[in-house]
There are 2 protein chains.
Amino acid sequence: MTDPLTTGATIGILGGGQLGRMLSVAASRLGFRTCIFEPGDDCPASHVTDRHFRADYDDEAALRAFAEAVDVITYEFENIPTSALDILDALRPIRPGREALRISQDRMTEKDFLSGLGLATAPYAAVDNADDLAAAIGRIGTPAILKTRRFGYDGKGQARIMAPGDAQQALADMAGAPAILEGFVKFSHEVSIIAARGADGAVSCFDPGENVHRDGILRSTTVPARLSPAQRTDAVLLAANILNALEYVGVMGVELFVTPRGLIVNEIAPRVHNSGHWTQNGCAVDQFEQHIRAVAGWPLGDGKRHSDVVMENLIGDDIDRIPQIAREAHAALHLYGKVTCKPGRKMGHVNRVKPGAG
Amino acid sequence: MTDPLTTGATIGILGGGQLGRMLSVAASRLGFRTCIFEPGDDCPASHVTDRHFRADYDDEAALRAFAEAVDVITYEFENIPTSALDILDALRPIRPGREALRISQDRMTEKDFLSGLGLATAPYAAVDNADDLAAAIGRIGTPAILKTRRFGYDGKGQARIMAPGDAQQALADMAGAPAILEGFVKFSHEVSIIAARGADGAVSCFDPGENVHRDGILRSTTVPARLSPAQRTDAVLLAANILNALEYVGVMGVELFVTPRGLIVNEIAPRVHNSGHWTQNGCAVDQFEQHIRAVAGWPLGDGKRHSDVVMENLIGDDIDRIPQIAREAHAALHLYGKVTCKPGRKMGHVNRVKPGAG
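Residues numbered from 1 in each chain as written. Chains lettered and ligands numbered in written order. Predicted model: local features only at pLDDT ≥ 70, side-chain atom pairs only at ≥ 80, totals over all residues. Heavy atoms only, no water.

Draft legend 1. Spotlight on the overall build of chain A. Tallying secondary structure elements over chain A gives eleven helices and 17 strands in all. Here the C-alpha atoms of chain A give a radius of gyration of 20 Å, agreeing with the 21 Å that 2.2 N^0.38 yields for 358 residues. Among the 358 residues that make up chain A, the fraction classed as buried is 60%. Of the side-chain charges in chain A, 37 are positive and 44 negative, and the distance between the mean point of each set is 5 Å. (Helix = DSSP H or I, 4+ residues; strand = E, 2+ residues; numbered from the N terminus. Rg over C-alpha atoms; globule rule 2.2 N^0.38 Å. Buried < 20%, exposed > 50% of the residue type's maximum accessible area, 1.4 Å probe, protein only. Lys, Arg positive; Asp, Glu negative; His and termini not counted. Charge placed at Lys NZ, Arg CZ, Asp CG, Glu CD.)

Draft legend 2. Structural context of the relation of the copies chain B and chain A. Least-squares fitting of chain B to chain A yields an RMSD of 0.0 Å, with the transformation described by 0.0 Å of translation along the axis and a rotation of 180 degrees. Read as a symmetry element, the transformation amounts to a two-fold axis. A share of 100% of the interface residues of chain B reappears at the interface of chain A, consistent with the copies meeting face to face through the same patch. (Least-squares fit on C-alpha atoms with pLDDT ≥ 70 in both. Contact = heavy atoms within 4.5 Å.)

Draft legend 3. Broad picture of the sheet that holds strand β7 (residues 158–161) of chain A. Residue and element names in this part refer to chain A. Pairing is antiparallel across the open sheet formed by four strands, whose spatial order is β5-β8-β6-β7. Among the strands making up the open sheet, the edge pair consists of β5 (124–127) and β7. Mean inter-strand twist for the sheet, computed between neighbouring axes without regard to direction, equals 25 degrees. Inspection of the sheet shows β5 paired to strand β8 (residues 179–183) by four bridges, in the antiparallel sense. (Pairing = 2+ DSSP bridges. Axes fitted to C-alpha atoms, helices over the stretch in contact; angles between N-to-C directions.)

Draft legend 4. Spotlight on the packing of aromatic side chains. Residues and elements named next belong to chain A. This model, assessed by the stated rule, comprises 14 aromatic pairs over all chains. Where F206 meets W278, the ring centres are 6.4 Å apart and the plane angle is 85 degrees; that geometry is what we call edge-to-face. Remark: W278 occurs in the loop between β14 (262–269) and α9 (279–282) and F206 occurs in the loop between β10 (203–205) and β11 (209–214); sequence separation between them is 72 residues. By relative accessible area, which is 0% here, W278 ends up buried. Here the aromatic cluster, defined as three or more aromatic residues joined through ring pairs, consists of F37, F53, Y57, F66 and F77. (Phe/Tyr/Trp six-rings, centres within 6.5 Å; stacked < 30°, edge-to-face > 60°.)

Draft legend 5. Structural context of the pattern of salt bridges. Residue and element names in this part refer to chain A. Counted according to the given criterion, the structure contains 47 salt bridges over all chains. Residues D286 and R29 are paired through a salt bridge, measuring 3.4 Å at the closest nitrogen-oxygen approach. Of this pair, D286 sits in the loop between α9 and α10 (287–295) while R29 sits in helix α1 (residues 18–29), placing them 257 residues apart in sequence. In this structure D286 comes out as buried when scored by relative accessible area, which is 7%. (Salt bridge = Lys/Arg side-chain N within 4 Å of Asp/Glu carboxyl O.)

Draft legend 6. Spotlight on helix α2 (residues 60–69) of chain A. Residues and elements named next belong to chain A. Within the sequence span of α2, burial applies to A62, L63, F66 and A67. Relative to the axis of α2, the buried residues are bounded by an arc of 135 degrees and lie together on one face. Buried-residue contacts for α2 involve β1 (10–14), β2 (33–37), β3 (51–53), β4 (72–75) and α3 (82–89). (Arc of directions from axis to C-beta.)

Draft legend 7. Inspection of the pairing of β11 of chain A at higher detail. Residues and elements named next belong to chain A. Sheet analysis places strand β9 (residues 189–197) next to β11, joined by three bridges and oriented antiparallel. The residue of β11 that forms the bridge with V191 is E210. Relative to strand β12 (residues 217–223), β11 runs antiparallel, the two sharing five bridges. Paired with H213 across the two strands is L218, which belongs to β12. Remark: two residues form the turn of the hairpin made by β11 and β12, two consecutive strands paired antiparallel; D215 in that turn has positive phi of roughly 50 degrees.

Draft legend 8. Fine view of empty space enclosed by the protein. Applying the stated criterion to the full structure yields two cavities of 30 Å³ or more. Computed from the structure, the largest cavity encloses a volume of approximately 710 Å³. Along its surface, the largest cavity is lined by 42 residues, and R29 and Q280 of chain A together with R29, Q280 and D286 of chain B are the ones closest to its centre. A breakdown of the residues in the lining of the largest cavity according to their chemical character gives 23 nonpolar, eleven polar and eight charged. (1 Å grid on protein atoms, 1.4 Å probe; cavity = no way out; pocket = protein on both sides within 12 Å on 5 of 7 lines; lining within 4 Å. Points joined across faces, edges and corners; volume = space filled by probe spheres on them. Nonpolar A, V, L, I, M, F, W, Y, C, P; charged D, E, K, R; others polar.)

Draft legend 9. Inspection of the interface of chain B and chain A at higher detail. Counting residues at the interface gives 43 residues for chain B and 43 residues for chain A. Summing both partners gives a buried area of about 3400 Å² for chain B against chain A, and 55% of it is carried by carbon and sulfur. Linking chain B with chain A are two salt bridges. Notably, a salt bridge pairs D42 of chain B with R33 of chain A, separated by 2.5 Å at the nearest N-O pair. There are 13 residue pairs in polar contact (both at pLDDT 80 or more) connecting chain B and chain A. Among the elements of the structure, α1 (18–29) and β16 (331–335) of chain B are those that each provide at least two residues to the side of chain B that touches chain A. Looking at which element gives the most residues to the side of chain B that touches chain A, the answer is β16 of chain B, with five residues. Considered class by class, the residues forming the side of chain B that touches chain A number 18 nonpolar, 14 polar and eleven charged. (Buried area = accessible area lost by both parts, 1.4 Å probe. Polar contact = N/O pair within 3.5 Å; in protein donor to acceptor, adjacent residues only side chain to side chain.)

Draft legend 10. Layout of the packing of α1 of chain A against α1 of chain B. Relative orientation of the contacting elements α1 of chain A and α1 of chain B amounts to 160 degrees, with a least axis distance of 11 Å. In terms of orientation, α1 of chain A and α1 of chain B fall into the roughly antiparallel class. You can see that α1 of chain A and α1 of chain B cross each other, and the crossing is left-handed. Packed against α1 of chain A, whose contacting residues are R21, V25, S28 and R29 of chain A, the element α1 of chain B presents R21, V25, S28 and R29 of chain B at the interface. Among the residues forming the contact of α1 of chain A with α1 of chain B, the class breakdown is two nonpolar, two polar and four charged. (Parallel < 35°, antiparallel > 145°, perpendicular 65-115°, else oblique. Left-handed = near helix turned anticlockwise from the far one by under 90°.)

Draft legend 11. Structural context of the sheet that holds β3 of chain A. All names here are of chain A. Reading across from one edge, β3-β2-β1-β4 is the order of the four strands in this open sheet, with parallel pairing throughout. The sheet terminates laterally at β3 and β4, the two strands that pair on one side only. Averaged over all pairs of adjacent strands, the angle between strand axes in this sheet comes to 25 degrees, irrespective of strand direction. By the bridge criterion, five bridges tie β1 to β2 in an arrangement that is parallel. Residue pairing for β2: G12 is matched across the bridge by C35. The strands touched by α1 are β1, β2 and β4; relative to β1, the strand with the most contacts, the crossing angle is about 170 degrees. α10 contacts β1 and β4 of the sheet and is inclined by roughly 145 degrees relative to β4.

Draft legend 12. How the structure looks around the domain arrangement of chain A. Residues and elements named next belong to chain A. Its domain assignment divides chain A into domain 1 (10–94), domain 2 (123–183) and domain 3 (189–354). Taking the mean C-alpha position of each, domain 1 and domain 3 sit 22 Å from one another. Taken together, the contact between domain 1 and domain 3 spans 19 residues of the former and 21 residues of the latter. Around 1900 Å² of area is buried between domain 1 and domain 3 when both sides are counted, 68% of it from carbon and sulfur atoms. Summed over the three residues of domain 1 that lose the most area to domain 3, namely Q18, M22 and L30, the buried surface amounts to 29% of that side. Viewed at the interface, domain 3 and domain 1 are joined by three salt bridges. Within the residue set of the side of domain 1 that touches domain 3, elements represented by two or more residues are α1 and β4. (Domains from an automatic or database assignment.)

Encoded structure:
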């Protein structure tokens, strides 16, 4: 572990979307500058950063210039090309580390990793062809869901198999990409736990939030989540198990299914997470600052929840409701500065706070 | 009143210090971009803005380019040269308006304005020479304080007159600048009220905070302040009186002395105010966002206090304590990214939050 970064140090962020934007703001709160690496021109993070490196991930010179302009590198998304990581890694520390990226970039590797830690997951099997799929359905049954092993997000690259007859179409939907079949889990609801681990090995978890998805996209997160005291403890223990196993430094989102037989890990994201946005108005130190603290070698901050919060994502034309939301009591708006609105596009979120309930 | 600004609009901010920095972050939260106009190179606001116009206030071309790049102009300090305002004013709306600037740029004009509204102030008299000063001391008595009429801040441009014999030195300290003699007010403590007025005329006040100064610089603000219910009401009424009289749009800081005979207005600042920093961790919508909302023609947000807060300024080598403060429970740090530390320089602040007490 190196010395903590101090005021004036620069944090490099790969990715210029809303997560990069809010990471950049959190970094400023601690006195740091940021540089954003993002191929897109007018990206959300570019509005609140010291410097935007606008280049592709195969632009070696730009990657080098970026790395040399910063003291440490972090990221807002997990699908960073390995070739780019190789270049950056040689020049500056990358936090969270590459093992977390390697594991989370491939659903199969991730499931194997989680199972290896003794954690419960949905039944799964690798699927590279029709024979694999038939065998997997034979073992796991239907309904099940076929997903590309890599580059999936927000429900993209997924096909449901309600009955064995759906198999052929589902496999076609994968367009030849290596896939994984996951059995359906019967769960009552989904929660996620946002966990942080500092460079000193300290682990701190935010209160679990209860998530509602629609069309594969997170719609809302409510804290507190419906969990028994034992389930809460389990959530913290399994998150700590994952972070410690990876010698992780930073914030991770861990999605969990709540079932009568316990918590089942759905997936992990080695970064700040949409389901942790409530922390901006529910805690003295939010997930973005917690991540920056870890990446900068600072002690983790106080992430204790002081208020109940319901976070609602503003997706697509939800933004037409902004004038009304702006007048609501207890409503804290967070907009991403995206001018072009598309269906399914995350445009912002609102945290509705119930004070004094934490 | 014009239409409210929407995502993608740009807010121009005159001044690139910590107030401009936190205004810029608040603007981003509402989906706006910002441009900062600031002669200094590596200013705090430049780290979190879309564009930094680095030019002097007598650079007419730069002022024009700045105005043309933005939709509305606001400011983080009141001592903006009139010639610059004339150029900007012709191109874009300036909010808060120029009357508030004219009044607050001159302590004498400000006192006349407040008195004209029927508000209590310290006794005062204009002092341009030794004769004026002798007459003023004769009327107001000592102890008293001689201040330059313009360009004073954080205790600068002030000289105490404890006895008539101090008059000559005090006048010399003014270096020929027009001055004002203010009588001492016997007060038990000082509070300030951060008041906002929207473009629609709605007024909303944050809870008053209790201020402690040292060496003329604010050290801490505590909410709730020690005030009787009647004093609280008075504070709101007098703030609304001031804002309405100016048809003000934006946030204003109003400093008040608490005396047995009621509240006495010390001074007003037509901008976000150091004594309002506690709102960042005590309210769903803080003073910076409230200001941006007003300037953007949005409805004011919910500034109700949800927690007790003590804001402590981190001045000069106070920043040596950051490693300890970073480990405190309930402590939210806000650092300004200033690399050079000087005695008396505001480097950041910490909000210590007591949850659920609002």
